[in-house]
Amino acid sequence: MSNALRAVRGMNDLLPAEAPLWARFESIVRAWLKSYGYREMRTPILEHTGLFKRAIGEVTDIVEKEMYTFVDELNGESLTLRPEGTASCVRAAIEHNLLFDGGKRLWYAGPMFRHERPQKGRYRQFHQVGIEALGFAGPDLDIELLLMTARLWKLLGMAEHIRLEINTLGGAESRARHRQKLIAYFEARQDQLDEDAKRRLHSNPLRILDSKNPAMQALVEAAPKLMDELDEAAIAHFEAVKRGLEEAGIPYTVNPRLVRGLDYYNLTVFEWVTDKLGSQGTVCAGGRYDGLVAQMGGKPAPACGFAMGVERLLVMMAELGLAPEPDAPDVYIVNVGEAAGRFALMAAESLRDGGLDVVLHGGGGSFKSQMKKADASGARFAAIIGDDEAAAGEVAVKPLRGEGEQRRVALADAVLMIRGSGNGKRETGNG
Ligand code: HAM
């Protein structure tokens, strides 16, 4: 196997054993999104590189070093695999004039691509479920987003393991004032800056506050605070968000160092964090981005949204023992003999016509080995077909779980017998 091909580093296969967990997550999420009036959007995975540069910001980790960008050799266009969903969602809303009659609540899900160093909870292809509420001002939407996420953690059974951090980035003017003060502050202390910080000093000084470098922590702690520059409207907005959370009984902490890695945010930003995932503990993040729609060429419209990292939530669900057992079929058809094989194909179709989930044994083998497979499949019943049964148009139905005798019945009666034996399927299986 030494020359066997392997998947690209940091890009994962989803194997059948993990699929039930993804399916459970997706069905809970879909119902949850519907319950808040969000409508689905699907955009292409490839976009023009300029879209992400414009939306996310030239001087961000994502745009500077994490995007999968290449030139389409057929026409010379620079294209990028989407590193996130907000830019595409806003582009599509503008392109299709979705906001012509007011605000829209939109959601999307799918793979995103970032060339980061892979580790637990961090991949180069990962999945997000994101929502964007376009065209809504006011702190009520910010509060709704937070209530909504809090509800999802409950629905998923992990509420007690996830906590909320919030911050406000203020409006454009206060950010500009803060930026000048930060530049002056860091310029006066150039000798204490690491390479990253020096590079960002003039292009994106806010990101220096996000530094993980222990040697710079004291410097960052003492840096000028945006909170001190906020205007009244921004303070009122933030106070309203905090009041809303308190009224809803959602605990939070204000983290003044929460600045986010994408440039489009203003006012409220937030992250939902867990201690269960080591260093990659942010499972959901977002905030307000009132300037983005206009910045991307649309009619000005306030907006806010968030995205969650599906893999991170699923790792947590698995570790908390919330993964469901694989679905088991109702019936496993054992068939030995050539005529039996042909009849078994028809019998399987007719059991499915009757609404049953059926696995037809493939690949031959002895009666005994097939019965072992039937048992391991988790099916409630084996339908056994030999050449005798095939000639008579019958099957021998054998319960595999609990009580009951094997009985030979006409194919037409097998559905009734199996369906009548219990309501629905077994919840658990062992295969
Ligand atoms: P983000 O913070 O870059 O925000 O990503 C959101 C979430 O995606 C993260 O909190 C994390 O759970 C997950 N995530 C990010 N990178 C990776 C990775 N390499 N591997 C696994 N999971 C990852 C955004 O993308 C914004 N578009 C969110 C938003 C929507 N803001 C407003 N609307």
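Heads up: the structure comes first, above all this text.
Rules behind the numbers
- Residues numbered from 1 in each chain as written.
- Predicted model: local features only at pLDDT ≥ 70, side-chain atom pairs only at ≥ 80, totals over all residues.
- Heavy atoms only, no water.
- Helix = DSSP H or I, 4+ residues; strand = E, 2+ residues; numbered from the N terminus.
- Contact = heavy atoms within 4.5 Å.
- Areas by Shrake-Rupley, 256 points an atom, 1.4 Å probe, with all protein chains shown as cover.
- Lys, Arg positive; Asp, Glu negative; His and termini not counted.
- Charge placed at Lys NZ, Arg CZ, Asp CG, Glu CD.
- Axes fitted to C-alpha atoms, helices over the stretch in contact; angles between N-to-C directions.
- Left-handed = near helix turned anticlockwise from the far one by under 90°.
- Nonpolar A, V, L, I, M, F, W, Y, C, P; charged D, E, K, R; others polar.
- Pairing = 2+ DSSP bridges.
- Near = heavy atom within 4 Å.
- Polar contact = N/O pair within 3.5 Å; in protein donor to acceptor, adjacent residues only side chain to side chain.
- Buried < 20%, exposed > 50% of the residue type's maximum accessible area, 1.4 Å probe, protein only.
- Core = buried A, V, L, I, M, F, W, Y, C linked by side-chain atoms within 4.5 Å.
- Salt bridge = Lys/Arg side-chain N within 4 Å of Asp/Glu carboxyl O.

> Just give me the short version of the overall build of the protein, but keep the residues and values in it.
Looking only at helices and strands, one finds 15 helices and 16 strands in the protein. Over its C-alpha atoms, taken along the principal directions, the protein stretches across nearly 90 × 55 × 45 Å. If you take every contact in the protein between residues at least 6 apart in sequence, the share linking residues at least 24 apart comes to 71%. Here the protein has roughly 21400 Å² of accessible surface; of this, 52% comes from carbon and sulfur atoms. For the protein, the centre of its 54 positive side-chain charges and the centre of its 59 negative side-chain charges are spaced 2 Å apart.

> Describe in detail the packing of helix α1 (residues 19-35) against helix α5 (residues 138-156), supporting the description with residues and values.
Their axes nearest at 11 Å, the elements α1 and α5 cross at an angle of 145°. In terms of crossing hand, the pair formed by α1 and α5 is right-handed. Contacts between α1 and α5 involve Phe-25, Ile-28, Val-29, Trp-32 and Leu-33 on the former and, on the latter, Met-148, Thr-149, Arg-151, Leu-152, Leu-155 and Leu-156. Across the contact of α1 with α5, the residue classes tally to nine nonpolar, one polar and one charged.

> Quick one: what's the story with the sheet that holds strand β4 (residues 77-81), residue by residue and with numbers?
Read across the sheet, three strands follow the order β2-β4-β3 without closing on themselves; strand pairing throughout is antiparallel. Two strands in the sheet have a free side with no partner beyond their single neighbour: β2 (46-48) and β3 (69-72). Neighbour-to-neighbour, the strand axes of the sheet open up by a mean angle of 40°, direction not taken into account. Examined bridge by bridge, β3 and β4 share four bridges and lie antiparallel to one another. Residue pairing across strands places Asp-72 opposite Glu-77, the latter belonging to β4. In this fold helix α2 (residues 49-56) packs onto β2, β3 and β4, with an angle of close to 75° to the strand it touches most, β2.

> Explain the site of the ligand to me, using residue names and the numbers behind them.
In the region of the ligand, 25 residues are neighbours, and Glu-84, Thr-86, Glu-116, Glu-132 and Tyr-265 sit closest. A distance of 3.0 Å is found between a nitrogen atom of the ligand and a side-chain nitrogen or oxygen belonging to Tyr-264. Taken by itself the ligand offers 650 Å² of open surface, and the protein chains cover 96% of this. Looking at the shell around the ligand, the elements that each hand over two or more residues are β6 (125-134), β10 (282-288) and β11 (303-309). Looking at the shell around the ligand element by element, the count peaks at five residues for β10. In the shell around the ligand, the residues fall into eleven nonpolar, seven polar and seven charged.

> Describe in detail the side chain of Thr-60, supporting the description with residues and values.
Relative to the helices and strands, Thr-60 resides in the loop between α2 and α3 (61-66). For Thr-60, a relative accessible area of 0% gives the class buried. For Thr-60, the side chain forms a polar contact with the main-chain oxygen of Gly-57, separated by 2.8 Å. Apart from residues no more than four positions distant in its own chain, Thr-60 is found in contact with Arg-200, Asn-204, Gly-261, Leu-262 and Asp-263.

> With reference to specific residues and values, describe the nonpolar core.
Grouped together as the largest cluster of nonpolar side chains are 42 residues, with contacts concentrated most on Phe-25, Trp-32, Leu-33, Tyr-38, Trp-153, Trp-272 and Val-283. If one sorts the elements of this core by residue count, α5 sits on top with eight residues. With sequence-adjacent residues up to four places away left out, Trp-272 is seen in contact with Leu-146, Thr-149, Ala-150, Trp-153, Ile-162, Arg-163, Leu-164, Ile-250, Gly-281, Thr-282, Val-283 and Cys-284. If you look at the next biggest cluster of nonpolar residues, it comprises 36 residues, including Met-41, Leu-51, Leu-226 and Tyr-289.

> Quick one: what's the story with the pattern of salt bridges, residue by residue and with numbers?
In the structure shown here, the tally under the stated rule is 29 salt bridges. As a salt-bridge pair, Lys-198 and Glu-195 come within 4.0 Å of each other at their nearest N and O atoms. A residue pair is termed a helical-turn pair when its members lie 3 or 4 positions apart in one helix, as Lys-198 and Glu-195 do in helix α7 (residues 195-200) at three residues. By relative accessible area, which is 61% here, Glu-195 ends up exposed. Here Arg-342 and Glu-338 are joined by a salt bridge, their closest N and O atoms 3.4 Å apart. Of the two residues, Arg-342 and Glu-338 both sit in helix α12 (residues 338-353), four residues apart, roughly one turn of that helix. Relative accessible area serves as the criterion here: at 62%, Glu-338 is assigned to the exposed category.

> Can you tell me about the sheet that holds strand β13 (residues 358-360), naming the residues and giving the values?
The mixed open sheet is built from five strands, whose spatial order is β13-β12-β14-β15-β16. Looking at which strands have only one partner, the edges of the open sheet turn out to be β13 and β16 (407-410). Strand after strand, the sheet turns through a mean of 30° between neighbouring axes, direction not considered. Across four bridges, the pairing between strand β14 (residues 381-386) and strand β15 (residues 394-399) is antiparallel. Looking at β15, one finds that Ile-384 is bridged to Ala-396. Against the sheet, α12 makes contact with β12 (331-336), β13, β14 and β15, and its axis sits at roughly 165° relative to β12, the strand it touches most. Along the sheet face, helix α15 (residues 411-419) touches β12, β14, β15 and β16 and points at about 120° away from the line of β16.

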